[in-house]
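As a plain string of letters, each chain reads:
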Amino acid sequence: MIVKTKKYKMASSLYIKLGMQNILRMQWWIFPLLVLFMSSTFFIKTIWFVLVGLLFFMGYLIFWVIQFYGLTHLDANRAMFERIAYEINNQHLMMQINSKQGMPIAWMDITKAYKKKGYFLLVLSKVQFFYLPFKIFHGDNEIKFLTTVLQRKGLLR
């Protein structure tokens, strides 16, 4: 079975928001490290541990926001922010700008997949992912097919 989706254009602000959520999900160990560093103030009575910890955490967040913002403006990533249709089958996911221009992405290039309330998120790396909202599919059967393919490939639990 081949699923052909409607064309969809992802907004850069949505890409930054989903990218930040993905980074915080992947690098969850930052939070316990921050709490451990900030709890040092109980042993050495000074507020500097809390202030420096918060300053470094804010810097960490700002660093990733700048990275995602920069990615949205690179010429190499311009295709991700155009109107794209997807063609999905058991072998690959095909990004199609038009009927002549397309790029296949093998399922083994995708490291993880998430099925959220209204969309699929297919993660290639920390900063590269595909956002597939349910509204681009033509029906529930296509959503179920993609869910089945992702489960068979071991990407979705």
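Scoring rules and cut-offs
- Residues numbered from 1 in each chain as written.
- Predicted model: local features only at pLDDT ≥ 70, side-chain atom pairs only at ≥ 80, totals over all residues.
- Heavy atoms only, no water.
- Pairing = 2+ DSSP bridges.
- Helix = DSSP H or I, 4+ residues; strand = E, 2+ residues; numbered from the N terminus.
- Buried < 20%, exposed > 50% of the residue type's maximum accessible area, 1.4 Å probe, protein only.
- Axes fitted to C-alpha atoms, helices over the stretch in contact; angles between N-to-C directions.
- Contact = heavy atoms within 4.5 Å.

Chemist: What exactly am I supposed to notice about the sheet that holds strand β3 (residues 92–96) here?
Modeler: Backbone-to-backbone hydrogen bonds pair the strands of a sheet. The strands run either parallel or antiparallel. With antiparallel pairing, the 4 strands of this open sheet are ordered in space as β1-β2-β3-β4. The sheet is open, and its two edges are formed by β1 (3–4) and β4 (102–106), each paired on a single side.

Chemist: How should I be thinking about the pairing of strand β2 (residues 85–88) in this particular structure?
Modeler: Successive side chains on a regular strand alternate, one facing one side of the sheet and the next facing the other. The alternating pattern of β2 places Ala85 and Glu87 and Tyr86 and Ile88 on opposite faces, both of which are buried. Judged from the 2 bridges that link them, β1 and β2 form a sheet pairing that is antiparallel. Across the sheet, the residue bridging to valine 3 is isoleucine 88, located in β2. Of the pairings in the sheet, the one linking β2 to β3 comprises 4 bridges and is antiparallel in character. Its bridge partner lying in β3, tyrosine 86 is registered against methionine 95. Where β2 hands over to β3, the hairpin turn is made up of 3 residues, counted between the paired strands.

Chemist: How do you make sense of the pairing of strand β6 (residues 119–123) when you look at a structure like this?
Modeler: Along β6, 5 of the 5 residues are buried, which leaves the element largely enclosed by surrounding structure. The two faces of β6 match: Tyr119, Leu121 and Val123 on one face and Phe120 and Leu122 on the other face are all buried. Bridging between β6 and strand β7 (residues 129–133) involves 5 bridges; their strand directions are antiparallel. Along β7, the bridge assignment pairs leucine 121 with tyrosine 131. Where β6 folds back onto β7 in an antiparallel hairpin, the turn is made up of 5 residues.

Chemist: Looking at this structure, I do not really get the sheet that holds strand β5 (residues 112–115). What am I missing?
Modeler: If you walk across this open sheet you meet the 3 strands as β5-β6-β7, and the pairing is antiparallel. Single-partner strands in this sheet number two, and they are β5 and β7. Recorded for the sheet is a direction-independent mean angle of 10° between the axes of neighbouring strands. Against the sheet, helix α1 (residues 12–26) contacts β5, β6 and β7, and its axis sits at roughly 115° relative to β7.

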